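Below, each chain spelled out in residue letters.
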Amino acid sequence: MQTGWQARSLAAWRDHHPDMMVFSKDGKWLYISCETSGGMLSPSLIAINMKTNQQHILLFGLTRADGLKMSPDGSLWLGEETPDGLIWRITEPDKLPPEQRVDRQQLQSSHPAILPLLHAGRFSHEGLTFSQDGRFAYMADEWKEGCIYRYDMQARKLSVLHKRKGWVAIREPNNARIEAAKLHAQYFNRIEDMETLPDGRVLLAETGTGKVLVLDDRANKPSVKTWLEHENLIHPDNLAWDEKRAWLWITDDDKPSYLWAWDGKELREIAHDDGAEITGVTIHGDDVYINLQRSLNRPEILLHLYKQPTNTPES
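Cut-offs applied
Residues numbered from 1 in each chain as written. Predicted model: local features only at pLDDT ≥ 70, side-chain atom pairs only at ≥ 80, totals over all residues. Heavy atoms only, no water. Helix = DSSP H or I, 4+ residues; strand = E, 2+ residues; numbered from the N terminus. Buried < 20%, exposed > 50% of the residue type's maximum accessible area, 1.4 Å probe, protein only. Phe/Tyr/Trp six-rings, centres within 6.5 Å; stacked < 30°, edge-to-face > 60°. Lys NZ or Arg CZ within 6 Å of the ring centre and 35° of its normal. Core = buried A, V, L, I, M, F, W, Y, C linked by side-chain atoms within 4.5 Å. Contact = heavy atoms within 4.5 Å. 1 Å grid on protein atoms, 1.4 Å probe; cavity = no way out; pocket = protein on both sides within 12 Å on 5 of 7 lines; lining within 4 Å. Points joined across faces, edges and corners; volume = space filled by probe spheres on them. Nonpolar A, V, L, I, M, F, W, Y, C, P; charged D, E, K, R; others polar.

**Q** Looking at this structure, how should I read unusual backbone geometry?
**A** Comment: phi is negative for the bulk of residues other than glycine, and the bulk of peptide bonds are trans. Between lysine 255 and the following residue, proline 256, the backbone shows a cis peptide bond with an omega angle of 0°. Note that proline 256 resides in the loop between strand E22 (247–252) and strand E23 (257–262). Residues other than glycine seldom take positive phi values, yet histidine 17 does so here, at roughly 50°. The residue histidine 184 is not glycine, and still its phi comes out positive at about 60°. Its place among the elements puts histidine 184 in the loop between helix H1 (176–182) and strand E17 (191–196). Given a relative accessible area of 64%, histidine 184 falls into the exposed group.

**Q** Teacher, can you tell me more about the packing of aromatic side chains here?
**A** Each aromatic ring pair is specified by the distance between its two centres and by the angle formed by the two planes. For the coordinates displayed, the defined rule picks out nine aromatic pairs. With a centroid separation of 6.4 Å and 55° between ring planes, the pair formed by phenylalanine 136 and tyrosine 138 is classed as tilted. Exposure class is identical for phenylalanine 136 and tyrosine 138. Each is buried. The interplanar angle of 45° and the centroid separation of 5.7 Å between the aromatic rings of tryptophan 247 and tryptophan 249 together place this pair among those described as tilted. Judged by relative accessible area, which is 0%, tryptophan 249 ranks as buried. An aromatic cluster of three or more residues is present, and its members are Trp5, Trp247 and Trp249. A cation over an aromatic ring shows up here: arginine 101 above the ring of phenylalanine 60, its NZ or CZ 4.3 Å from the ring centre. Above the ring of phenylalanine 136, the side-chain terminus of arginine 150 is found at 3.9 Å from the ring centroid.

**Q** Which parts of the structure should I look at to understand the nonpolar core?
**A** One broad trend across soluble globular proteins is that nonpolar side chains are buried collectively. Formed by 21 residues in total, the largest nonpolar core has its most connected members in Tyr31, Leu45, Leu59, Leu68 and Leu76. Every element with two or more residues in this core is listed here: strand E2 (18–23), strand E3 (29–34), strand E4 (43–49), strand E5 (55–60), strand E6 (65–70), strand E7 (76–80) and strand E8 (87–90). Among the elements that take part in this core, E6 stands out by supplying three residues, more than any other. Not counting chain neighbours up to four residues away, the residues in contact with leucine 59 comprise Ser42, Pro43, Ser44, Leu45, Leu78, Ile90, Gln100, Arg101, Val102 and Ile114. Counting residues in hydrophobic clusters, the runner-up holds 19 residues, among them Ile87, Leu117, Tyr151 and Val168.

**Q** How do you make sense of the layout of surface pockets when you look at a structure like this?
**A** Empty space left among the atoms is revealed by rolling a probe the size of a water molecule over them. Taken as a whole, the largest pocket holds about 930 Å³ of empty space. Taken together, 34 residues make up the lining of the largest pocket; nearest its centre are Val22, Lys69, Glu195, Thr196 and Trp241. Elements with a minimum of two residues in the lining of the largest pocket: E2, E6, strand E12 (125–130), E17, strand E21 (236–242) and strand E25 (277–284). Among the residues forming the lining of the largest pocket, the class breakdown is 15 nonpolar, twelve polar and seven charged. Lining the second largest pocket are 14 residues, and of these Lys255, Gly275, Ala276, Glu277 and Gln293 lie nearest its centre. Considering only residue class, the lining of the second largest pocket consists of two nonpolar, four polar and eight charged.

Here it is in structure tokens:
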């Protein structure tokens, strides 16, 4: 940890592979996706009560659950980072009983509040965010030749970004990758995460190039440009916009793994770890939360990072 910052452990697991995180709107619950292999005994989503610190597995059975965002309507969207991955929508997750299960082959779940969003496309769902007006969901295919998609949540229509034509309709969401290739959609090199800025633009972590891109979909024709490129930023992964500080927090999936903060002028190293991947950075008020994801039955930890109080001399 850099001077001025402290960390405390909130939870620990083995072989849960904690990844992205999101808070409920009231801040009571913290949800964490688990990047485990598919199976009825594989944890896919953790729920932690931040007031009592009690936790439980909310969902089992997905394959490499990763992309995680709270929708403007209060539902929780959970994406699978696998070539045939789906978005699963959970309505009122705070009311869902623990230990629910999904049969992803049969597209069934143990509770009616958990449903696959088949119209949102099958591809490697990691990057996920929403427009400020709640009309669109933006999604990225985490692949070396992956595309950016836009889902109209009212019309239930999927489209893909084309460099010259803008948004082009996908007619068969189940074959989104194949159709995107036929349409000659714009390719990107492994978009890992997406984050909506206060002005409505969307940031994209392109880990294959070491850049943070920005999608501007506010005008008639969408555009994608480089927003941040820095020699120390190797494999940008998870993003979190810090509205109070006006910083972008970035996890870097390199060895060692880094946690960076970009203040618009300087890329600050806040923490690094030689034996774990730092994942799922999220912000709540002044506080920062990250996971330490490890493999081979080694402990994985949820950490709360906070600014060390400054001692002021007595008058």
